[in-house]
Amino acid sequence: MNRIFTSVLILLGFLSISNVKAQQDVQVSHNMFNHMAINPGYAGANDAICATMIGRNQWMGFTGAPKTYLFSIDAPLRILGNSGIGLNVMSDELGFEKNTGVRLSFAKKLVVGSGTLGIGLQGALLSKSYDFGKFKPIEQGDVLLSSTAVEQDMMFDMGFGLYYRIPSKLYVGLSSSQLLETTGSYGNSALKSNPQLARHYYFTAGYYYPLNADIELQPSILIKTELASTQFDFNALALYKQRFWGGLTYRTQDALAVMLGLQPFASGAMKNLKIGFAYDLTTSAIGRNGSSGSLELMLNYCFKIERIIVPSSYRTVRFG
């Protein structure tokens, strides 16, 4: 299995020489904590109820720069056998454009070798809106850009994903969102727009390598593409005593991110709470023209609902 994983990383390394310029869908640096948002096959993978929140302020220093908020939660669904369910809520604002989405996922789990394969299907409601009042025409009185209305449309789409995981060893995921490539409709006859959702593909893989009793290395990779452009995230985390971590992410032709995180509580009900911070140093032309980087906060919490069995006692006439 180690040889297979190494071969995949080498192959992806050769592919990374392709020219990468376009940003893909919603972008975060904590992608290794964000599987539920991009792969419906992940639902229920931890056999626990897990929630993740991510807030990102991208390209700080620019007016109208992207601001992204993500929330995801997933849980096992034993009533339907070995399966899981997940929910994602997203808000992403860039200048005059705002995207919000709600995605509901279901995954069926199959035991394959030493791990579990999740096969997931997702239904999504996506809202895209444009605030035409934020346009600044060069010529005053421009008929096309004189509207102050907010145009909005709701679209339905679907996603699919496969997620294979060997606990404490490795994971591999392949997924696609916006499969139907739904087309929206905005504006009036003077300013008509019909944007089409682009189908996106994701590949992710990670490996857990213990150096000693205290330190574990967690290299991983995320590939995002809509076939017109491709972006690679190469990640490396070092986990100390299963409570503290630090690492780097290199996003091709975009940024170098520094990550720090911890589990602040060693015991108790909140012992599984994880808090992560990431700062992106922009390496593209945007960074050389006024951006002071991107800042990101991540919260993750998992818990299990254990069934408590209370011993029953009976009294009889004979024994009292």
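Scroll up to find the structure this text is about.
Residues numbered from 1 in each chain as written. Predicted model: local features only at pLDDT ≥ 70, side-chain atom pairs only at ≥ 80, totals over all residues. Heavy atoms only, no water.

(A) Quick peek at the state of the cysteines. This model, assessed by the stated rule, comprises one disulfide. Between the sulfur atoms of cysteine 50 and its disulfide mate cysteine 302 the distance is 2.1 Å. The disulfide joining cysteine 50 to cysteine 302 has a torsion of about 120° about its S-S bond and is therefore right-handed. Of this pair, cysteine 50 sits in strand β1 (residues 49-57) while cysteine 302 is found in strand β15 (residues 294-303), placing the two residues 252 residues apart along the sequence. Each of the two residues, cysteine 50 as well as cysteine 302, counts as buried. (Disulfide = S-S within 2.5 Å. Helix = DSSP H or I, 4+ residues; strand = E, 2+ residues; numbered from the N terminus. Buried < 20%, exposed > 50% of the residue type's maximum accessible area, 1.4 Å probe, protein only.)

(B) Representation of the nonpolar core. Within the largest apolar cluster, 19 residues are counted, with the highest numbers of intra-cluster contacts made by Met32, Phe33, Leu237 and Trp245. Discounting residues that sit within four places of it in the chain, leucine 237 has contacts with Met32, Phe33, Glu216, Leu217, Gln218, Trp245, Gly246, Gly247 and Met259. Membership of the second largest hydrophobic core comes to five residues, among which are Phe203, Ile221, Ile223 and Phe232. (Core = buried A, V, L, I, M, F, W, Y, C linked by side-chain atoms within 4.5 Å. Contact = heavy atoms within 4.5 Å.)

(C) Spotlight on the pairing of strand β2 (residues 67-76). Pairing of β1 with β2 involves eight bridges; the strand directions are antiparallel. The residue bridging alanine 51 from the neighbouring strand is isoleucine 73, located in β2. Two elements, β2 and strand β3 (residues 83-94), share ten bridges in a ladder whose sense is antiparallel. By the bridge assignment, alanine 75 is partnered in β3 with isoleucine 85. The turn linking β2 back onto β3 is made up of six residues, and glycine 81 within it adopts a positive phi angle of 85°. (Pairing = 2+ DSSP bridges.)

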